[in-house]
Amino acid sequence: MTQLQKVHGSMNTFFLLDQTELEQPLSQTELVTFAKHITDASEGLLDGADGLLVVDKSNHADCIGSMQVINTDGSIASMCGNGLRTVSRHLAEKFGQDEFKVETQDADLHVSREANFADGVPTFSVEISPVTFNKESLPFSNLNTDTLIDQPVPEFDENLTFTAIAVPNPHLISFVSEDVMESDSLEHVGKMLNSENPYFYDGVNVSYAKIIGRNSLFVRTFERGVGFTNACGTGMSATSLAFCLNHPDAASFEDEITVFNPGGMVKTRVHDRDSEGYYIDLIGNATITHDVEIDESDLHTNNIENAQISETGEQAAYEAFVAGIKDPVD
Ligand SMILES: N[C@H](CCC[C@H](N)C(=O)O)C(=O)O
């Protein structure tokens, strides 16, 4: 029996474990221990991954399953947009449904199957919500402000402005030039705010964005609990909202926004529900690259030595899709 899958959204890679397929689900301690091991770049499987997605049943009446996200360092992420697309595909195939809700840590989120981005590239849309800006929800402190929207923060970088948005996991965003994108600023800010610091004391995902044209961006993210990833779904969603708010001349609510990233491309759509707040649709690939068979007893003892790995063959279609999109950074 297949116990695990290796999956990705925009090459943001995960192992996916469905606890309902086990006789004895892993305890939370077992899950964290296993996540840190299997995702480790040198000790784990298949060069590791950016996290473990744990699927389970939901007791919320309108959800067909739940998702928990464990980062490579064992910390828990309240949300993961690229991961939720792959969980949505898993649940869609398991239950034969194309539109449903998934329970996540802070919200029950609407998801749906969409037209494939390309041949052999299954595509899903996931709701990114709730959106807040206040310092308590991110959380941040010691910045002499209750919200941070397009403001200079010389403590982070003397030449940039920053926007902080929780969706609900925390994001810090800056719109930058090509030169800054290629500099070491993102690594510097990402490392500073994800080690002990007085500002984002729980860490924060940091994204730098370059405006390519109308409703078009390139985004790179240094993730909380992980480091640089090829793409961060919640990061690209939060950045799309910041794009609409800070650059209304170049981006519009309700329009499709194209977001290129080092692992490929997604589409977003930012909605403004007035008093009910903002939410974002994140649309992109949900690719399964490998099936991994591990005895259930080995899962409990965190032994990956006997894992049997087989490729699904889907990666070739994904790579053909990426080769066909115009790369804005070249
Ligand atoms: N890569 C994920 C987000 C993981 C978030 C995590 N790094 C955190 O907030 O701790 C995404 O596609 O949205």
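Residues numbered from 1 in each chain as written. Predicted model: local features only at pLDDT ≥ 70, side-chain atom pairs only at ≥ 80, totals over all residues. Heavy atoms only, no water.

In the nomenclature of an unreviewed UniProt entry, the protein chain corresponds to Diaminopimelate epimerase from the organism Lentilactobacillus curieae. What UniProt records for the protein chain under Subcellular location (unreviewed entry) is the sentence "Cytoplasm". According to UniProt, the comment filed for the protein chain under the heading Pathway (unreviewed entry) is "Amino-acid biosynthesis; L-lysine biosynthesis via DAP pathway; DL-2,6-diaminopimelate from LL-2,6-diaminopimelate: step 1/1." (UniProt positions renumbered as here; feature names shortened; annotations may be inferred.)

Engineer: Whenever I open this one, empty space enclosed by the protein confuses me. Can you help?
Structural biologist: The method is simple in principle: a probe with the dimensions of a water molecule rolls over the atoms, and the space it marks as empty is what remains. This model, assessed by the stated rule, comprises two cavities of 30 Å³ or more. Its boundaries defined by the atoms lining it, the largest cavity holds a volume of some 160 Å³. Lining the largest cavity we find 20 residues, and of these Asn71, Ala77, Met79, Asn169 and Glu223 sit closest to its centre. At the level of elements, strand 2 (12-18), strand 4 (63-71), helix 2 (81-95) and helix 5 (233-246) are the ones that each hand at least two residues to the lining of the largest cavity. Among the elements that take part in the lining of the largest cavity, strand 4 stands out by supplying three residues, more than any other. Looking at side-chain class alone, the lining of the largest cavity contains eight nonpolar, nine polar and three charged residues. For the lining of the largest cavity, the domains that each give at least three residues are domain 1 (2-128 + 286-323) and domain 2 (151-282). (1 Å grid on protein atoms, 1.4 Å probe; cavity = no way out; pocket = protein on both sides within 12 Å on 5 of 7 lines; lining within 4 Å. Points joined across faces, edges and corners; volume = space filled by probe spheres on them. Helix = DSSP H or I, 4+ residues; strand = E, 2+ residues; numbered from the N terminus. Nonpolar A, V, L, I, M, F, W, Y, C, P; charged D, E, K, R; others polar. Domains from an automatic or database assignment.)

Engineer: Where do I start with the site of the ligand in this structure?
Structural biologist: With respect to spatial proximity, 14 residues lie near the ligand, and among them Asn12, Gly81, Arg224, Gly233 and Thr234 are the closest. One of the side-chain N or O atoms of Asn12 is found 2.8 Å from a nitrogen atom in the ligand. Between the ligand and the protein, one listed contact pairs a nitrogen atom with a side-chain N or O atom of Glu223 at 2.8 Å. Bound to the protein, the ligand loses 99% of the 360 Å² it would expose on its own. Judged by the fraction of its atoms near the pocket grid, the ligand is located in the largest cavity. At the level of elements, helix 2 and helix 5 are the ones that each hand at least two residues to the shell around the ligand. Counting contributing residues, the shell around the ligand receives three or more from each of domain 1 (2-128 + 286-323) and domain 2 (151-282). (Near = heavy atom within 4 Å. Polar contact = N/O pair within 3.5 Å; in protein donor to acceptor, adjacent residues only side chain to side chain. Areas by Shrake-Rupley, 256 points an atom, 1.4 Å probe, with all protein chains shown as cover. Sits in = over half its atoms within 2 Å of the grid points.)

Engineer: Just to check I follow, could you spell out the domain arrangement of the protein chain for this structure?
Structural biologist: A common measure of how large an interface is: the accessible area buried when the components associate. Split by domain assignment, the protein chain resolves into domain 1 (2-128 + 286-323) and domain 2 (151-282). For domain 1 and domain 2, the distance between their C-alpha centroids amounts to 24 Å. The interface is formed by 26 residues belonging to domain 1 together with 25 residues belonging to domain 2. Between domain 1 and domain 2 the total buried area reaches about 1900 Å² when both faces are included, carbon and sulfur atoms providing 51% of it. The largest per-residue losses of area from domain 1 upon contact with domain 2 belong to Ser10, Phe117 and Ile128, which jointly make up 30% of the total buried on that side. At the boundary of domain 1 and domain 2, one finds zero salt bridges. Here domain 1 and domain 2 share eleven residue pairs in polar contact (both at pLDDT 80 or more) between them. Broken down by secondary-structure element, the contributors of at least two residues to the side of domain 1 that touches domain 2 are strand 5 (76-77), helix 2, strand 8 (121-128) and helix 7 (314-324). (Contact = heavy atoms within 4.5 Å. Buried area = accessible area lost by both parts, 1.4 Å probe. Salt bridge = Lys/Arg side-chain N within 4 Å of Asp/Glu carboxyl O.)

Engineer: Would you explain the UniProt feature "active site" (unreviewed entry) in the protein chain in this entry?
Structural biologist: Sequence positions flagged by UniProt for "active site" (unreviewed entry) are, in local numbering, Cys80 and Cys232. Annotated residues spanning 153 residues; largest pairwise C-alpha distance 7.7 Å, indicating a single compact cluster. Taking the annotated residues in turn, Cys80 and Cys232 line the largest cavity. Position of Cys80 relative to the elements: it lies in the loop between strand 5 and helix 2. Using a relative accessible area of 8% as the deciding quantity, one classes Cys80 as buried. When near neighbours in sequence (up to four residues on either side) are disregarded, Cys80 contacts Phe14, Met67, Val69 and Thr234. Position of Cys232 among the secondary structure elements: in the loop between strand 14 (227-229) and helix 5. A relative accessible area of 4% places Cys232 in the buried class. (Buried < 20%, exposed > 50% of the residue type's maximum accessible area, 1.4 Å probe, protein only.)

Engineer: How should helix 5 be read in this particular structure?
Structural biologist: Note: α-helices contain 3.6 residues per turn, so residues at a spacing of three or four share the same orientation. Taking 1.5 Å as the rise per residue, helix 5 with 14 residues should run 20 Å; its terminal C-alpha atoms sit 20 Å apart, in good agreement. With 13 of 14 residues buried, helix 5 is to be regarded as a mostly interior element. (Expected span 1.5 Å × (residues − 1).)

Engineer: Before we go on, may I ask you to explain the packing of aromatic side chains in this structure?
Structural biologist: The description of an aromatic ring pair rests on the distance of the ring centres and on the angle between the ring planes. Inspection of the entire model under this criterion finds ten aromatic pairs. A cation over an aromatic ring shows up here: Arg220 above the ring of Phe228, its NZ or CZ 4.3 Å from the ring centre. (Phe/Tyr/Trp six-rings, centres within 6.5 Å; stacked < 30°, edge-to-face > 60°. Lys NZ or Arg CZ within 6 Å of the ring centre and 35° of its normal.)

Engineer: What's the story with helix 7 in this structure? I'm lost.
Structural biologist: Where helix 7 is concerned, the buried positions are Glu314, Gln315, Tyr318 and Phe321. Along the long axis of helix 7, the arc covered by the buried residues comes to 115°, so they all point the same way. Set apart from the buried face of helix 7 by more than 90 degrees, the exposed residues are Ala316, Ala320, Ala323 and Gly324. (Arc of directions from axis to C-beta.)

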